[in-house]
Amino acid sequence: MTKKIGILTSGGDCSGLNSVIRDVVFAATQKGWDVVGIFDATDGLFSRPMRYRDLKVADFDFPYAALGGTMLGTNNTGNPHIQKKGDGTTEELTDEQLNERFKAGVQELGISALVVVGGDGSMAIVSKYCKMAGISMIGIPKTIDNDAPGTDMAIGFSTAIGVVTNALDNLTTTATSHNRIMVAEVMGRGAGHLALEAGVAGFADVILIPEVKYTYEGVVNKLKEIQKAGKRFGLVVVAEGVKTPEGKHIFAANGKTFQGVSQYFVEHLQADGFNVRANVLGHIQRAGVPVPGDRLLAARFAVRAIELIDKGENNRVVAYQDGEVTDMDLNAVLKIANTPVDPKGSLVQTAKALGIYIGEVE
């Protein structure tokens, strides 16, 4: 009997997801297995009729793998208890009904294992459904924040660095033209990896991240310093999760999403005489053609996931540690806190040595 495995993407999208889907299909096909793609995370199994598609090597004649986003769709905001019916109306399901639908779905599709490409939260939730359904689960980490526990690198991070660095380069040209200070706000709720790495690569003058304390005076002094040195523009990169000097987060209109700290700095810097503009890069950071780094990581993660399924492993999460691909027990991963920037790490020290103001670094 041919083994059939499922794959779904969950949480926020990023570049490299289609590469992972492609490589899982290719690696599974080499073993003679069939692959089913589940649409919109677990919603594809919960809804009736179910939403899925059989995935074949031939499906990737079209360059899905070289596109951003996810061909299977994803979900990071919906309520799984509210599901759409075939006639367009909705129905509310209990936890027990969700469990029953998940189990019935995988049985109908003949799935014996499920690959979940997402964050540790998504993996933990889906793992419980898989356990009750009697199938195994293997997780592949993805996040542009690169703070996934247990892995040095996650799918999507390398491409996001490139997208943000390119944006900083573009902001530099207009900043130079107008003798302006540009404040670029990038994603990163509790971790500043993206702001830090793109900021250094994009030649920022100031980089503010949640992990390093800073002072408003420190920002102002740096900007005055570069102006005194004759530089025509300034570039400030700030992670969305950075608090104001008063210790407050700034939220978007929904009251949940961090957004607007760049505008805070613009208002205060303008009051201090600077010619400055705010730029919230937003969801463009999740987009873009996946760079080779993400494609290579996708290939290695996908092959490892299929190897684990072949061995009958369950509740394992693939990871990249010290230059090699490995895997960890999901429960062990869940006990590890998300990985922040090390304030004493080499890249923070590199930024400081280059004269970038990155806060009150020791």
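Look up: the structure comes first, before these words.
Let me sum up the structure you'll find in this document. (Residues numbered from 1 in each chain as written. Predicted model: local features only at pLDDT ≥ 70, side-chain atom pairs only at ≥ 80, totals over all residues. Heavy atoms only, no water.)

1. Some remarks on the sheet that holds strand β12 (residues 316-321)
The strand order across the open sheet built from 7 strands is β3-β2-β1-β6-β7-β12-β13, with neighbouring strands paired in mixed fashion. Pairing within the sheet leaves two strands with one partner each, and these edge strands are β3 (52-55) and β13 (324-329). With strand direction ignored, the average angle separating the axes of adjacent strands in the sheet is 25°. When β12 meets β13, the two strands line up antiparallel, connected through 6 bridges. Across the sheet, residue Val317 finds its bridge partner in β13, namely Met328. (Pairing = 2+ DSSP bridges. Helix = DSSP H or I, 4+ residues; strand = E, 2+ residues; numbered from the N terminus. Axes fitted to C-alpha atoms, helices over the stretch in contact; angles between N-to-C directions.)

2. Quick word on the nonpolar core
Core analysis: the largest hydrophobic core is formed by 86 residues, its most contacted members being Ile5, Ile7, Ile140, Leu208, Leu223 and Phe265. Those residues in contact with Leu208, other than ones at most four positions away along the chain, are Ala195, Tyr214, Val219, Val237, Val238, Ala239, Val242, Phe265 and Tyr357. Val36, Val116, Met123 and Val333 belong to the second-largest nonpolar core, a separate cluster that totals 25 residues. (Core = buried A, V, L, I, M, F, W, Y, C linked by side-chain atoms within 4.5 Å. Buried < 20%, exposed > 50% of the residue type's maximum accessible area, 1.4 Å probe, protein only. Contact = heavy atoms within 4.5 Å.)

3. A short note on the pairing of strand β2 (residues 34-38)
For β2, the buried fraction is high: 4 of the 5 residues fall into the buried class. Considered for its hand, the β-α-β crossover made up of strand β1 (residues 4-9), helix α1 (residues 17-30) and β2 is right-handed. Across 4 bridges, the pairing between β2 and β3 is antiparallel. Residue pairing for β3: Val36 is matched across the bridge by Asp54. (Right-handed = clockwise from strand over helix to strand, strands pointing away.)

4. Some details on the environment of Lys344
Position of Lys344 relative to the elements: it lies in the loop between α10 (330-334) and α11 (346-353). Taking C-alpha positions, Lys344 is 15 Å from Glu197, a pair spaced 147 residues apart along the chain.

5. A word on the sheet that holds strand β9 (residues 206-208)
Whether parallel or antiparallel, the strands of a sheet pair through hydrogen bonds between backbone atoms. Strand order in this open sheet of 4 strands is β9-β10-β8-β11, and the pairing throughout is parallel. The open sheet has two free edges, formed respectively by β9 and β11 (276-280), since each of these has just one partner strand. Direction aside, neighbouring strands of the sheet carry axes that sit 15° apart on average. The sheet contact formed by strand β8 (residues 181-186) and β11 spans 5 bridges and is parallel. Among the inter-strand pairings, Glu185 is bridged to a residue of β11, identified as Val280. Strand contacts of helix α5 (residues 157-178): β8, β10 (234-239) and β11, with the helix running at about 160° to β8, the strand carrying the most contacts. Helix α7 (residues 216-228) rests against β8, β9 and β10 of the sheet, and its axis sits at about 165° to β9.

6. Some details on helix α3 (residues 95-109)
Counted at 1.5 Å a residue, the expected span for α3 with its 15 residues is 21 Å, and the 21 Å between its end C-alpha atoms agrees. Along α3, the residues classified as buried are Leu98, Arg101, Phe102, Gly105, Val106 and Leu109. Seen along its axis, α3 keeps its buried residues to an arc of 125°; they face one direction. Seen from the open side of α3, the exposed residues pointing more than 90 degrees away from its buried face are Glu96, Gln107 and Glu108. (Expected span 1.5 Å × (residues − 1). Arc of directions from axis to C-beta.)

7. So, the side chain of Ser262
Tracing the chain through its elements places Ser262 in helix α8 (residues 261-271). With near-sequence residues (within four places) excluded, Ser262 lies in contact with Val183, Glu185, Val238, Ala278, Asn279 and Val280.

8. Topic: the pattern of salt bridges
Scanning all chains against the criterion turns up 10 salt bridges. In this structure, Asp327 and Arg304 form a salt bridge, with 2.9 Å as the shortest nitrogen-oxygen distance. Highlighted residues: Asp327 in strand β13 and Arg304 in helix α9 (residues 292-310), separated in sequence by 23 residues. Arg304 gets classed as partly exposed once you look at its relative accessible area, which sits at 24%. Via salt bridges that share partners, Arg304, Arg316 and Asp327 belong to a single interconnected network. (Salt bridge = Lys/Arg side-chain N within 4 Å of Asp/Glu carboxyl O.)

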